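Below are the chains, spelled out letter by letter.
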Amino acid sequence: MRPILIIGARGVGKTTLIRLLLSDASRPVRGFYTANLPTEPPGTHSTYLHPAWQSPEERTYTPDNQVGRWNGQTMHAFPSVFDTLGVSCLANIPPQSLVVMDELGFLESQAPRFTQAVLDALSGPAQVLAAVKDRPDVPFLQAVLAHPEAQVFRLTPENRQELYGQIRALL
């Protein structure tokens, strides 16, 4: 099945659209979600990676799944977490699954095992549904968007409902 990639500006609703699409899905879900959590001092946050099959109540926020930290000026990435936990989220995926990647960004660029696992999943037998940061300056993201089978959808506030229907028909 062809990978479905959703790009759009920050805050446009890529994750919201993916969650809405998943609420209608009857297939097992694999892959991952990322979440930002505010930290101290104010204006800083950490980014965490969670297996997509975990419920919100099961999710943890520890160094074992922390993939980035914004200190108010720069983002510090932890590529080893992508290369361990991230790779395990994309391993041994049953073909009938729906693979969620929410979201792909620049933090993982220095995680070669993870970036290869993402590209492999895009070519695999399971359906992929991914949110991709719109960053033309990141070669990894450009490789994802250039995947020969990928169907790329640009989400805007004006086309949310229309895209929901289009993508839902493909799942």
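(A) Region of interest: the pairing of strand 1 (residues 4–8). Across the 5 residues of strand 1, 5 count as buried, placing the element largely inside the fold. Covered by surrounding structure in strand 1 are I4, I6 and G8 together with L5 and I7, the residues of both alternating faces. Summarising the sheet, strand 1 and strand 8 (residues 151–154) pair through 4 bridges and their orientation is parallel. Residue pairing in the sheet places L5 in a bridge with V152 of strand 8.

(B) Geometry of unusual backbone geometry. Note that the residue after E40, namely P41, is joined by a cis bond; omega there is 0°. Looking at the secondary structure, you find P41 in the loop between strand 2 (29–39) and strand 3 (44–51). With an omega of 10°, the peptide bond between D102 and E103 qualifies as cis. Its location among the elements puts E103 in strand 6 (residues 98–104). In this structure, N92 is a non-glycine residue whose phi angle is positive, near 55°.

Rules of the game
- Residues numbered from 1 in each chain as written.
- Predicted model: local features only at pLDDT ≥ 70, side-chain atom pairs only at ≥ 80, totals over all residues.
- Heavy atoms only, no water.
- Buried < 20%, exposed > 50% of the residue type's maximum accessible area, 1.4 Å probe, protein only.
- Helix = DSSP H or I, 4+ residues; strand = E, 2+ residues; numbered from the N terminus.
- Pairing = 2+ DSSP bridges.

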